[in-house]
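Secondary and tertiary structure notes
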Number of protein chains: 2
Amino acid sequence: MEREPTRVMVAVNESTIKGKPHPSISSKRAFEWTLEKMVRSNTSDFKILLLHVHVVDEDGFDEVDSIYASPDDFRDMRESNKSKGLHLLEFFVTKCHEIGVSCEAWIKKGDPKDVICQEVSRVRPDLLVLGSRGLGRFQKVFVGTVSGFCVKHAECQVLTIKRNADETPSDPADD
Amino acid sequence: MEREPTRVMVAVNESTIKGKPHPSISSKRAFEWTLEKMVRSNTSDFKILLLHVHVVDEDGFDEVDSIYASPDDFRDMRESNKSKGLHLLEFFVTKCHEIGVSCEAWIKKGDPKDVICQEVSRVRPDLLVLGSRGLGRFQKVFVGTVSGFCVKHAECQVLTIKRNADETPSDPADD
């Protein structure tokens, strides 16, 4: 008897290091935790849904030093932003493929917390997994604006993956 | 190669209906979700750690109408409280046994949110699963004092299981 796989949505984002498009430590950790501790070797029991929300404002910061001389420059910039997102998804999809767990990945634009909740309502996963940046600087509590919002508002179960203290980069810009 | 099972702590509590010791809807749902969506048929990959925190104040309410005439009455009351907790754990342990997933269950006394975090620090599970009572009465957001606290403070990953709207009893006392 074939049972439907458990559909796990993992929200992934990029590191904030400029010019180095790679997964953020927290989203990589959330993804890896899901595979190691939940999927384990039972790859046919799970399907991973990878959502990347492209934050327009954050990337807009890069564009302060850009010079736009023709409509093409805008198109090039948009293409570059899009390919950054694609690189990110490629990283995660490749990992899923290596392990043998089925997956789907897509990009949306907007405020991550709102878009994640919208996509949860649309796609109806069994579980939403979110990375969290871990310990706040001056408090001994875990922080996470996006995860906190989604725990409250997303219409599905939410798993918050905290980063280990030793995974926190000394320079927050490397996060 | 034998890998360590994923250790999942599920915090369970009783329904607030008086005189009817059975699992609360939210903790039963959290437990069932864990088995159905995460453990699935991979029972040897997981170990379930069942923690019940006995809330002293809440049970104290029952004792308003009690008459204590001898030291034995206090002992009887304590025994009765203890056996209520045992019934609860028996329910969950029996389920685990039927399914074939290994488990451990124990009772602690105190404020659930504090005790759960203390036990997480002591036992070091891979994941803490908590039920949540679902939608707030006047807001379209999910509430959960204990789960909110544990997401922030527990030193492990935290999964909050929300109840379906149709599982909310019309009378909150039946919760």
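This write-up is about the structure you can find in this document. (Residues numbered from 1 in each chain as written. Chains lettered and ligands numbered in written order. Predicted model: local features only at pLDDT ≥ 70, side-chain atom pairs only at ≥ 80, totals over all residues. Heavy atoms only, no water.)

1. Concerning the packing of helix α4 (residues 112-123) of chain B against helix α5 (residues 145-153) of chain B
All names here are of chain B.
- Running from amino to carboxyl end, α4 crosses α5 at an angle of 35°, the nearest separation of the two axes being 9 Å. In this structure, the crossing between α4 and α5 has a hand that is right-handed. Residues Pro 112, Lys 113, Asp 114, Ile 116 and Cys 117 of α4 lie in contact with α5, whose contacting residues are Val 146, Phe 149, Cys 150 and His 153.
- Split into classes, the residues belonging to the contact of α4 with α5 amount to six nonpolar, one polar and two charged. (Axes fitted to C-alpha atoms, helices over the stretch in contact; angles between N-to-C directions. Helix = DSSP H or I, 4+ residues; strand = E, 2+ residues; numbered from the N terminus. Left-handed = near helix turned anticlockwise from the far one by under 90°. Contact = heavy atoms within 4.5 Å. Nonpolar A, V, L, I, M, F, W, Y, C, P; charged D, E, K, R; others polar.)

2. A look at the interface of chain A and chain B
- Listed as interface residues are 32 residues of chain A and, on the opposing side, 32 residues of chain B.
- Note on chain A versus chain B: buried area summed over both sides is about 2,800 Å², and carbon and sulfur give 42% of it.
- Sorting the residues of chain A by area buried against chain B places Arg 40, Gln 157 and Lys 162 of chain A first, and these three jointly supply 23% of that buried surface.
- At the boundary of chain A and chain B, one finds four salt bridges.
- Arg 40 of chain A serves as the salt-bridge partner of Asp 45 of chain B, at 3.4 Å between the closest nitrogen and oxygen.
- Counting every contact that joins chain A to chain B gives 22 residue pairs in polar contact (both at pLDDT 80 or more).
- Counting only elements with at least two residues in the side of chain A that touches chain B, the list comes to α1 (25-39), α5 (145-153) and β7 (157-162) of chain A.
- At six residues, the largest contribution of residues to the side of chain A that touches chain B is made by β7 of chain A.
- Taken together, the residues of the side of chain A that touches chain B sort by class into 14 nonpolar, six polar and 12 charged. (Buried area = accessible area lost by both parts, 1.4 Å probe. Salt bridge = Lys/Arg side-chain N within 4 Å of Asp/Glu carboxyl O. Polar contact = N/O pair within 3.5 Å; in protein donor to acceptor, adjacent residues only side chain to side chain.)

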